[in-house]
Amino acid sequence: MAPASMRAMRYHGKPELVLDDVSLPQLKPGEVRVKVAFCGICGSDLHEVFEGPLTCCPVGQPHPLTGGTLPETLGHEFSGVVEELGEGVEEDGEGTEGRRTLRVGSRVCIEPVISCRQCDACKAGDTPLCDLAIGLYGYARPGGLAPFVNVASSNVHVVPDNVPLDIAALAEPLSVAWHAVAVSGFKMGESAFVIGCGPIGALVTRVLFAQGASAVYVSEPSASRRAIASQCGATAVFDPTTDDALARVREATGGQGVDVAIDCAGTQRTVDAAIESTRRKGRIVMVALFDKAKRPTVDMWALMTKERTLTSSCCFNAEDMRQVLAALSSGRIKVDDLITCRIALSEVFDKGLEVLRQDPTQVKILVDLEREAVQPASL
Ligand SMILES: [Zn+2]
Ligand SMILES: [Zn+2]
């Protein structure tokens, strides 16, 4: 049984996190209570805490869908076990297509997008493109940096038996990468150029190979992240600060350019490079988030004279997460080596966010909710 109260890692709008005592909210109809196993720390959490509030809603400006405001329990990349089913949540029958047996004890991961579920976009399955608003667990309502979270059953995916829960926590960022590749229209045997090899660039590289890429070239200024690109199987890795990555990509593709470029960095330089790196009728996908105020220019001449397509990828949908879980289960994609650190809930600020900010060798830091904080050795 879940206790009446718990300690949750909450963001109050200042560059710090507080392990607050909070009472467990009542389970509403249609929700399930999840006992969190693992929760990943994301670059977005870093931006939120050090530069925010950006996605969390300040006091007095509640989220239009959830009514959530600061302080908020962070964490949108999490897995766990269903502890309790709310009213109206039926135990799905064995083998129910897509959903599989959601019941008490089910091992699950969370699709964090909250949307109206009623508009045309939502009905078409494009939940992140909701006409009304979108929110995320961990920003617009309590997320996974707490022992328990109430989640709408429609936001829960049952994890295949052979996928461990720590790996399942990575299904969320992996789905972001999966969606970006899906948006590009990538087909088996095509070549790709990935710009920026942070966690998303690394996962995009893995997804491209899982889907049969003939070659994936990666450009990344940080040496340790170039090492991660190699670890992800990159065909060739370039340092854009010392090397003409564009020229190298052209050379490697017989002067033609790649079929697909995915920009995971999001600067004027990388937008230009992404466009120029593609072949005739090439496709360019922006997955990096641009500051609203920054409006990069697009070289329409370069785009048009090769009939290139420039498009973008926003979060992901339920189908992406289903495909990711299937790919993890079949072994088509592996991400265990990208979990670079495991910490306790109380260590999220010092050993999570601060470390992620300063150490580019980190890919995914996971909070293990069962783990006790390592106490400094007493003298
Ligand atoms: Zn994230
Ligand atoms: Zn909607």
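The preceding data block contains the structure.
Residues numbered from 1 in each chain as written. Chains lettered and ligands numbered in written order. Predicted model: local features only at pLDDT ≥ 70, side-chain atom pairs only at ≥ 80, totals over all residues. Heavy atoms only, no water.

Peer 1: Mind showing me how you'd approach helix H5 (residues 199-210) here?
Peer 2: Structurally, the α-helix is built with 3.6 residues per turn, so residues lying three or four positions apart point the same way. The end-to-end C-alpha separation of H5 is 16 Å, in line with the 16 Å expected for twelve residues at 1.5 Å each. Among the twelve residues of H5, nine are classified as buried, and the element is accordingly described as predominantly covered. For H5, every residue scored as buried is listed here: Gly 201, Ala 202, Leu 203, Val 204, Thr 205, Arg 206, Val 207, Leu 208 and Ala 210. In the core, the buried residues of H5 are packed alongside helix H4 (171-183), strand E11 (191-195), strand E12 (215-219), helix H6 (223-231) and strand E14 (258-263). Trailing H5 by a residue or two, Gly 212 shows a phi angle of about 90°, which is positive. (Helix = DSSP H or I, 4+ residues; strand = E, 2+ residues; numbered from the N terminus. Expected span 1.5 Å × (residues − 1). Buried < 20%, exposed > 50% of the residue type's maximum accessible area, 1.4 Å probe, protein only. Contact = heavy atoms within 4.5 Å.)

Peer 1: In this structure, what is going on with the sheet that holds strand E1 (residues 5-11)? I would like to understand it.
Peer 2: Adjacent strands of a sheet form backbone hydrogen bonds with each other and so pair up, either parallel or antiparallel. With antiparallel pairing, three strands are arranged side by side in an open sheet as E2-E1-E4. Every interior strand has two partners, whereas the edge strands, strand E2 (17-23) and strand E4 (72-73), have only one. Where E1 meets E2, seven bridges bridge the pair, whose relative direction is antiparallel. Of the residues in E2, the one forming a bridge with Met 9 is Leu 19. (Pairing = 2+ DSSP bridges.)

Peer 1: Explanation requested: the coordination of the zinc ion (ligand 2) in the structure shown.
Peer 2: Reference values for angles at a metal are 109.5 degrees in the four-donor tetrahedral case and 90 or 180 degrees in the six-donor octahedral case. Only Cys 116 (SG), Cys 119 (SG), Cys 122 (SG) and Cys 130 (SG) from the protein coordinate the zinc ion (ligand 2), and they sit 2.3 to 2.4 Å from it. Sequence spacing among the residues donating to the zinc ion (ligand 2) works out to C-x2-C-x2-C-x7-C. Here Cys 119 is found in the loop between strand E7 (113-114) and helix H2 (120-123), whereas its partner Cys 130 is found in the loop between H2 and strand E8 (135-136), with eleven residues between them in sequence. (Donors = N, O, S within 2.8 Å, 3.2 Å for Na, K, Ca; no water.)

Peer 1: Is there a simple way to explain the coordination of the zinc ion (ligand 1) in this structure?
Peer 2: The zinc ion (ligand 1) binds to the protein through Cys 42 (SG) and His 76 (NE2); the donor distances cover 2.1 to 2.3 Å. In this pair, Cys 42 sits in the loop between strand E3 (31-41) and helix H1 (43-51) while His 76 sits in the loop between E4 and strand E5 (77-85), placing the two residues 34 residues apart along the sequence. One exposure class covers both Cys 42 and His 76, and it is buried.

Peer 1: Whenever I open this one, the packing of H1 against helix H11 (residues 348-358) confuses me. Can you help?
Peer 2: One way to put it is that H1 packs onto H11 with a least axis distance of 10 Å and a crossing angle of 100°. By the angle class used here, H1 and H11 are roughly perpendicular. On the side of H1, the interface is formed by Asp 45, Leu 46, Val 49 and Phe 50, while H11 contributes Phe 349, Leu 353, Glu 354, Leu 356 and Arg 357. The residue makeup of the contact of H1 with H11, split by class, is six nonpolar, no polar and three charged. (Axes fitted to C-alpha atoms, helices over the stretch in contact; angles between N-to-C directions. Parallel < 35°, antiparallel > 145°, perpendicular 65-115°, else oblique. Nonpolar A, V, L, I, M, F, W, Y, C, P; charged D, E, K, R; others polar.)

Peer 1: Got a minute to help me understand the sheet that holds strand E16 (residues 309-312) in this structure?
Peer 2: Ordered by their spatial adjacency, six strands build an open sheet running E13-E12-E11-E14-E15-E16, and the pairing between neighbours is parallel. The open sheet has two free edges, formed respectively by strand E13 (236-238) and E16, since each of these has just one partner strand. Neighbouring strand axes in the sheet, compared pairwise and without regard to direction, differ in orientation by 20° on average. Here three bridges tie E12 to E13, and the two strands are oriented parallel to one another. In the strand pairing of E13, Tyr 217 is matched with Ala 236.

Peer 1: What is the right way to look at the pairing of E11 in this model?
Peer 2: Within a regular strand, the side chains alternate between the two sheet faces. For E11, the buried fraction is high: five of the five residues fall into the buried class. Burial along E11 is two-sided: Ser 191, Phe 193 and Ile 195 and Ala 192 and Val 194, pointing in opposite directions, are all buried. Of the strand pairs in this sheet, E11 and E12 are connected by five bridges, and their pairing is parallel. Opposite Ala 192, over in E12, you have Val 216 as the bridge partner.

Peer 1: Can you help me understand the nonpolar core in this one?
Peer 2: One recurring pattern in soluble globular proteins is that nonpolar side chains are buried together. Of all hydrophobic cores here, the largest spans 92 residues; its most connected members are Leu 17, Leu 208 and Ile 262. Here this core spans two domains, and each of domain 1 (5-169 + 335-368) and domain 2 (174-312) adds at least three residues to it. When near neighbours in sequence (up to four residues on either side) are disregarded, Leu 208 contacts Val 181, Phe 186, Ala 192, Val 194, Ala 213 and Val 216. Counting residues in hydrophobic clusters, the runner-up holds 17 residues, among them Tyr 217, Phe 238, Ala 261 and Ala 302. (Core = buried A, V, L, I, M, F, W, Y, C linked by side-chain atoms within 4.5 Å. Domains from an automatic or database assignment.)

Peer 1: Please clarify how the side chain of Asp 166 should be interpreted in this entry.
Peer 2: Position of Asp 166 relative to the elements: it lies in helix H3 (residues 165-168). Non-local contacts of Asp 166, meaning those with residues more than four positions away in its chain, are made with Phe 38, Ile 339, Arg 342 and Leu 366.

Peer 1: Sorry, what's going on with the packing of H4 against helix H10 (residues 318-330) here?
Peer 2: Axes are the key here: two packed helices are described by the angle between their axes and the distance separating the axes. Axis separation between H4 and H10 bottoms out at 9 Å; the angle between their running directions is 110°. Overall, the two elements H4 and H10 adopt an arrangement that is roughly perpendicular. Our pair here, H4 against H10, has a crossing hand that is right-handed. Contacts between H4 and H10 involve Ala 171, Glu 172, Leu 174, Ser 175, Trp 178, His 179 and Ala 182 from the former and Asp 320, Met 321, Gln 323, Val 324, Leu 325, Ala 327 and Leu 328 from the latter. In the contact of H4 with H10, the residues fall into nine nonpolar, three polar and two charged. (Left-handed = near helix turned anticlockwise from the far one by under 90°.)

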